[in-house]
Amino acid sequence: MYRGREGQWAFYLHRISGVAIILFLTLHVTEISSSMFGPKWFNALLAFEANPIFGLGLVAVAALVLYHALNGLRIILMDFTSWGVKYQRQLWYGVWVLYVIVGFPMLFAMLGHVFGGGE
Amino acid sequence: MAMRARQFEEAKRLATSNLELAWWIFMRVSGVLLVFLVLGHLYTRAVVFNFHHELNYAHMVKVMNSPVWKFYNWVLLFLSILHGTNGLRYVIDDYIASGRVRAWVKVLVYTFVFLVTVFGTIALWGWRYQPMG
């Protein structure tokens, strides 16, 4: 249907982001649930994760989540409307427009947290 | 087997079983819910709770003991784990050709995901957090 063009890229990015997100999700659930081990353990874990490398990792995961969310809505429009498949390429450009509009404020908010911003 | 259907009518035709069609529908329904739940999660952590400055054990205890956040996080946990694991199943079905390897990979993935989910559920519902240990 759309081999080698925008639709193919949309599909691969959806898969790659999906796999990355479920990997992060299992790590994240484990990390947060380990608060059961008490304040000593958990505050030490948080101090370890205060490293900007982890912060940048969170920014990357958020970037993947935002793409997966918006492209997922595109897939649903393709599935349940009569016109979605015909305009799938235009919808994908729409995904990127929304990505920039929603993503830039998110990026700046998160980078502000990662690099101090009034610590 | 995972479906490559691009429309609901096509999905109904291609589904090898009612269960497979149910998963196809679940991915769409949970997907819409997750858009709002996950973006709400990111927004509350990053903006409302200002996560790097206020996130510490004492703050976690407050969140983990709040019935509203318990429920929110539990719905988020279950929908995202089911959505993500079913997505992984599609990927495994598409890229691992050998039936034997595929079966083992699924056993390992499902076991790991199950343990993580149990751990998360205990943390949400089965644990009394002491305010400051």
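Structure shown above.
These numbers come from a predicted model, not from an experiment.

Student: I tried to follow the nonpolar core on my own but got confused; where do I start?
Tutor: Soluble globular proteins tend to pack their nonpolar side chains together in the buried interior. In this structure, Phe42 of chain A together with Met64 and Tyr129 of chain B are the most contacted members of the largest nonpolar core, which totals 21 residues. Breaking this core down by element, the ones donating at least two residues are helix 1 (6-33) and helix 2 (39-49) of chain A together with helix 4 (57-65), helix 5 (67-95) and helix 6 (99-125) of chain B. Counting residues per element, this core draws most heavily on helix 6 of chain B, at five residues. If you look at the next biggest cluster of nonpolar residues, it comprises seven residues, including Leu70, Trp92, Val95 and Tyr99 of chain A.

Student: In this structure, what is going on with the interface of chain B and chain A? I would like to understand it.
Tutor: Accessible area lost upon the coming together of the parts serves often as the stated size of an interface. With 43 residues of chain B at the interface, the matching set in chain A holds 45 residues. Carbon and sulfur atoms make up 73% of the surface buried where chain B meets chain A, a total of about 3700 Å² over both sides. Run the count over chain B and chain A and you get two salt bridges. Ionic pairing is found between Arg28 of chain B and Asp79 of chain A, a salt bridge with its closest N-O pair at 2.6 Å. At the surface where chain B touches chain A, the tally comes to five residue pairs in polar contact (both at pLDDT 80 or more). Elements with a contribution of two residues or more to the side of chain B that touches chain A: helix 2 (18-48), helix 3 (51-54), helix 4, helix 5 and helix 6 of chain B. Looking at the side of chain B that touches chain A, the element that brings in the most residues is helix 5 of chain B, giving 11 residues.

Student: How should I be thinking about the layout of surface pockets in this particular structure?
Tutor: All names here are of chain B. One number sums up the size of the second largest pocket: a volume of about 210 Å³. The wall of the second largest pocket is formed by Trp23, Phe78, Ile81, Leu82, Thr85, Asn86, Arg89, Tyr110, Val113, Phe114 and Thr117. Broken down by element, the residue count for the lining of the second largest pocket peaks at six residues, all from helix 5. Looking at the lining of the second largest pocket residue by residue, the classes come out as seven nonpolar, three polar and one charged.

Student: Is there a simple way to think about helix 4 (residues 88-114) of chain A in this case?
Tutor: Quick reminder: α-helices carry 3.6 residues per turn. Residues three or four places apart thus point the same way. Residues and elements named next belong to chain A. For helix 4, built from 27 residues, the straight-helix expectation of 39 Å at 1.5 Å per residue is met to within 8% by its first-to-last C-alpha distance of 36 Å. Roughly 35 degrees is the biggest bend found in helix 4, and it falls at Gly103, with proline Pro105 one to four residues downstream. Considered for burial, the residues of helix 4 that qualify are Gln88, Leu91, Trp92, Val95, Tyr99, Gly103, Met110, His113 and Val114.

Student: Looking at this structure, how should I read the packing of helix 1 of chain A against helix 6 of chain B?
Tutor: For any two helices packed against each other, one specifies the inter-axial angle together with the distance between the axes. At a minimum axis distance of 9 Å, the contact between helix 1 of chain A and helix 6 of chain B shows a crossing angle of 35 degrees. Note on packing geometry: the crossing formed by helix 1 of chain A with helix 6 of chain B is left-handed. The residues of helix 6 of chain B that touch helix 1 of chain A, namely those facing Thr26, Val29, Thr30 and Ser33 of chain A, are Phe112, Val116, Phe119, Gly120 and Ala123 of chain B. Looking at the contact of helix 1 of chain A with helix 6 of chain B residue by residue, the class counts come to five nonpolar, four polar and no charged.

Student: Just checking my understanding: could you explain a nonpolar patch on the surface for this structure?
Tutor: Together, Phe71, Trp74, Phe78, Leu82 and Trp125 of chain B make up a nonpolar patch on the protein surface, roughly 490 Å² of accessible area in all. Per-element accounting of the nonpolar patch gives the leading share, four residues, to helix 5 of chain B.

Student: Explanation requested: the pattern of salt bridges in the structure shown.
Tutor: Charged atoms that come close allow side chains of opposite charge to pair. All names here are of chain A. The full count for this structure, using the stated rule, is seven salt bridges over all chains. Close ionic contact of Arg89 with Glu6 constitutes a salt bridge, the shortest N to O distance being 3.7 Å. Highlighted residues: Arg89 in helix 4 and Glu6 in helix 1, separated in sequence by 83 residues. Looking at Glu6, the relative accessible area reads 15%, which means it is buried. One connected set of salt bridges, linked through shared partners, spans Arg5, Glu6 and Arg89.

Cut-offs used in this document
Residues numbered from 1 in each chain as written. Chains lettered and ligands numbered in written order. Predicted model: local features only at pLDDT ≥ 70, side-chain atom pairs only at ≥ 80, totals over all residues. Heavy atoms only, no water. Core = buried A, V, L, I, M, F, W, Y, C linked by side-chain atoms within 4.5 Å. Buried < 20%, exposed > 50% of the residue type's maximum accessible area, 1.4 Å probe, protein only. Helix = DSSP H or I, 4+ residues; strand = E, 2+ residues; numbered from the N terminus. Contact = heavy atoms within 4.5 Å. Buried area = accessible area lost by both parts, 1.4 Å probe. Salt bridge = Lys/Arg side-chain N within 4 Å of Asp/Glu carboxyl O. Polar contact = N/O pair within 3.5 Å; in protein donor to acceptor, adjacent residues only side chain to side chain. 1 Å grid on protein atoms, 1.4 Å probe; cavity = no way out; pocket = protein on both sides within 12 Å on 5 of 7 lines; lining within 4 Å. Points joined across faces, edges and corners; volume = space filled by probe spheres on them. Nonpolar A, V, L, I, M, F, W, Y, C, P; charged D, E, K, R; others polar. Expected span 1.5 Å × (residues − 1). Bend = angle between axes of the 7 residues up to and from the residue. Axes fitted to C-alpha atoms, helices over the stretch in contact; angles between N-to-C directions. Left-handed = near helix turned anticlockwise from the far one by under 90°. Patch = residues over 30% accessible without salt bridge, like charges linked within 9 Å, V, L, I, M, F, W, Y side chains within 5 Å. Areas by Shrake-Rupley, 256 points an atom, 1.4 Å probe, with all protein chains shown as cover.

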